[in-house]
Amino acid sequence: MNLLDRTFADVGTVLLPLAAALLFEELTLGGLVRLLFAPRPETGKRKELDHLNGDGKCSH
């Protein structure tokens, strides 16, 4: 039983820094940063400007 406890403690000692490093990498370079800096959806104002410039559909 003591051997099992010691093995789990050693494995935890190795895996905790690894998990923390992977979490830090994901937060800095991963999907969360891409999500925060993703372009926002355009508002209706841009579509109205396109229509006034002749870029929209013809009304007749």
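Since we're looking at a predicted model, the values are computed, not measured. (Residues numbered from 1 in each chain as written. Predicted model: local features only at pLDDT ≥ 70, side-chain atom pairs only at ≥ 80, totals over all residues. Heavy atoms only, no water.)

Remarks on the overall build of the protein chain
For the protein chain, the count of helices and strands is three helices and zero strands. Listed N to C, the secondary structure of the protein chain is α-α-α in terms of helices and strands. The buried share of the protein chain, reckoned over its 60 residues, is 2%. Carbon and sulfur atoms make up 67% of the accessible area of the protein chain, which amounts to about 5,900 Å² in all. (Helix = DSSP H or I, 4+ residues; strand = E, 2+ residues; numbered from the N terminus. Buried < 20%, exposed > 50% of the residue type's maximum accessible area, 1.4 Å probe, protein only. Areas by Shrake-Rupley, 256 points an atom, 1.4 Å probe, with all protein chains shown as cover.)

What to know about the environment of L27
Relative to the helices and strands, L27 resides in helix α1 (residues 2–29). The exposure class assigned to L27 is partly exposed, which follows from its relative accessible area of 42%. Once residues lying within four places of it in the same chain are set aside, the contact partners of L27 are L32 and V33. (Contact = heavy atoms within 4.5 Å.)

Section: the confidence of the model for the protein chain
For the protein chain, the average pLDDT comes to 78, and 70% of its residues sit at 70 or higher. Predicted confidence in the protein chain is weakest over helix α3 (residues 44–52), with a mean pLDDT of 55, and strongest over α1, with 93. (pLDDT = per-residue confidence, 0-100.)

Here's the deal with a nonpolar patch on the surface
Together, L23, L27, L32, L35, L36 and F37 line one region of the surface with nonpolar side chains, adding up to about 660 Å² of accessible area. Those elements that provide at least two residues to the nonpolar patch are α1 and α2 (31–36). The class for F37 is exposed, based on a relative accessible area of 69%. (Patch = residues over 30% accessible without salt bridge, like charges linked within 9 Å, V, L, I, M, F, W, Y side chains within 5 Å. Salt bridge = Lys/Arg side-chain N within 4 Å of Asp/Glu carboxyl O.)

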